[in-house]
Amino acid sequence: MISAPAVCLAMLLDASASVDTHAWRLMLDGHARGFAQPAVIRAVEADGLAVAAIQFSDAPSPATWRILRSAAEARVYAAQLAAMPRMAMAGTNAGRALH
């Protein structure tokens, strides 16, 4: 029987026009590098991790949850996160991202 992950992590990514391209890259790269940290890998392998990266500006992006259970899955997710295309930029409305 597969157990539910012990931790669920929702990352809100500010895709609004107030965030320039350099800051966007820093945000994505920093989040992606986090998945290579030994403490994160240990947690993923021990208990699993449900994770979603949600972009927001005036409109939210859909929250697609992934369950990571191995270092290899964490590496793949980190690469996908680092390569995530930015949605259309507009104003900032984090509240909409949560609905």
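Residues numbered from 1 in each chain as written. Predicted model: local features only at pLDDT ≥ 70, side-chain atom pairs only at ≥ 80, totals over all residues. Heavy atoms only, no water.

J.: Could you clarify how one ought to interpret the environment of alanine 36 in this entry?
T.: On the secondary structure map, alanine 36 appears in the loop between helix H1 (21-34) and helix H2 (38-47). Between the C-alpha atoms of alanine 36 and alanine 78, which are 42 residues apart in sequence, the distance is 7.8 Å. (Helix = DSSP H or I, 4+ residues; strand = E, 2+ residues; numbered from the N terminus.)

J.: Explanation requested: the sheet that holds strand E3 (residues 66-68) in the structure shown.
T.: Taken in spatial order, the three strands make up an open sheet running E1-E2-E3, and their pairing is mixed. Because the sheet does not close on itself, it has two edges, and the strands there are strand E1 (7-14) and E3. Shown here is a sheet whose adjacent strand axes are inclined to one another by a mean of 30°, direction ignored. Taken together, the three bridges between strand E2 (residues 49-56) and E3 define a ladder with antiparallel strand orientation. The partner of alanine 50 across the bridge, within E3, is isoleucine 67. Packing against the sheet, H1 makes contact with E1 and E2, and its axis sits at approximately 165° to E1. Strands E1, E2 and E3 of the sheet are contacted by helix H3 (residues 71-82), whose axis makes an angle of about 140° with E3. (Pairing = 2+ DSSP bridges. Axes fitted to C-alpha atoms, helices over the stretch in contact; angles between N-to-C directions. Contact = heavy atoms within 4.5 Å.)

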